[in-house]
Amino acid sequence: MSDTGFSYSTSEGTKPGTAILKLAGPLTLANIFGLQDELRKVKPECLIMDLTGVPFMDSAGLGVVMNYYVSSQKDGRKLFLTGVNDRVSALLEMTKVDGVLKVCGSLEAAEALA
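Residues numbered from 1 in each chain as written. Predicted model: local features only at pLDDT ≥ 70, side-chain atom pairs only at ≥ 80, totals over all residues. Heavy atoms only, no water.

## Regarding the sheet that holds strand β4 (residues 78–82)
Link 1 in the chain: The mixed open sheet is built from 5 strands, whose spatial order is β1-β2-β3-β4-β5. The sheet is open, and its two borders are formed by β1 (7–12) and β5 (102–104), each paired with just one other strand. For this sheet, the mean inter-axis angle between neighbouring strands, taken without regard to orientation, is 25°.
Link 2 in the chain: Packed on one face of the sheet, helix α1 (residues 32–41) meets β1, β2 (18–24) and β3 (46–53) and runs near 20° to β1.
Link 3 in the chain: The strands touched by helix α2 (residues 59–74) are β3 and β4; relative to β4, the strand with the most contacts, the crossing angle is about 150°. (Pairing = 2+ DSSP bridges. Helix = DSSP H or I, 4+ residues; strand = E, 2+ residues; numbered from the N terminus. Axes fitted to C-alpha atoms, helices over the stretch in contact; angles between N-to-C directions. Contact = heavy atoms within 4.5 Å.)

Encoded structure:
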């Protein structure tokens, strides 16, 4: 499977202080570095990471998500995941972070909690 074609974009959420980070493509070691740099800059009160376009992620991709989660918790910010498919959900369960990360069934549900 190719790791080419990964991209992301940021937009404002419906509530002030909320940002939506939409990811597209596989989130793997081959393409996490640009995303890591972006996440170091993005510090909204609440970040909703939309994974609808992510067919799979590896442990490095999960590490990026977890690093952002830890950083946001330290600063009193929120992180919600949405658009999590079965393959990504299985990774979250297998690594036991499904009880730590907040996964919402839809973007609207995540924004309601923001």
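The discussion continues.
## Quick notes on α2
Each α-helix winds once per 3.6 residues, and so residues spaced three or four apart point in a common direction.
Link 1 in the chain: In this model, α2 (16 residues) spans 22 Å end to end at C-alpha, consistent with the 22 Å of a helix rising 1.5 Å per residue.
Link 2 in the chain: Packed against the buried residues of α2 are α1, β3, β4 and α3 (86–94).
Link 3 in the chain: Two or three places before Ala60, at the start of α2, stands the capping residue Asp58, its side-chain oxygen 3.0 Å from that residue's backbone nitrogen. (Expected span 1.5 Å × (residues − 1). Polar contact = N/O pair within 3.5 Å; in protein donor to acceptor, adjacent residues only side chain to side chain.)

## Considerations on the pairing of β1
Link 1 in the chain: Taken together, the 6 bridges between β1 and β2 define a ladder with antiparallel strand orientation. The residue of β2 that forms the bridge with Ser7 is Ala24.
Link 2 in the chain: Following β1, the chain reverses through 5 residues before pairing antiparallel with β2; Gly17 in that reversal takes a positive phi of roughly 85°.

## So, α3
Link 1 in the chain: All of the buried residues along α3 are Val88, Leu91 and Leu92. All buried residues of α3 project into a common sector of 100° when viewed along the axis, lining one side. The outward face of α3, more than 90 degrees from its buried face, is lined by the exposed residues Asp86 and Met94.
Link 2 in the chain: Buried residues belonging to α3 abut β3, α2, β4 and β5.
Link 3 in the chain: At the N-terminal boundary of α3, the capping side chain belongs to Asn85, with an oxygen 3.0 Å from the backbone nitrogen of Arg87.
Link 4 in the chain: Residue Lys96 follows α3 closely and has a positive phi angle near 65°. (Buried < 20%, exposed > 50% of the residue type's maximum accessible area, 1.4 Å probe, protein only. Arc of directions from axis to C-beta.)

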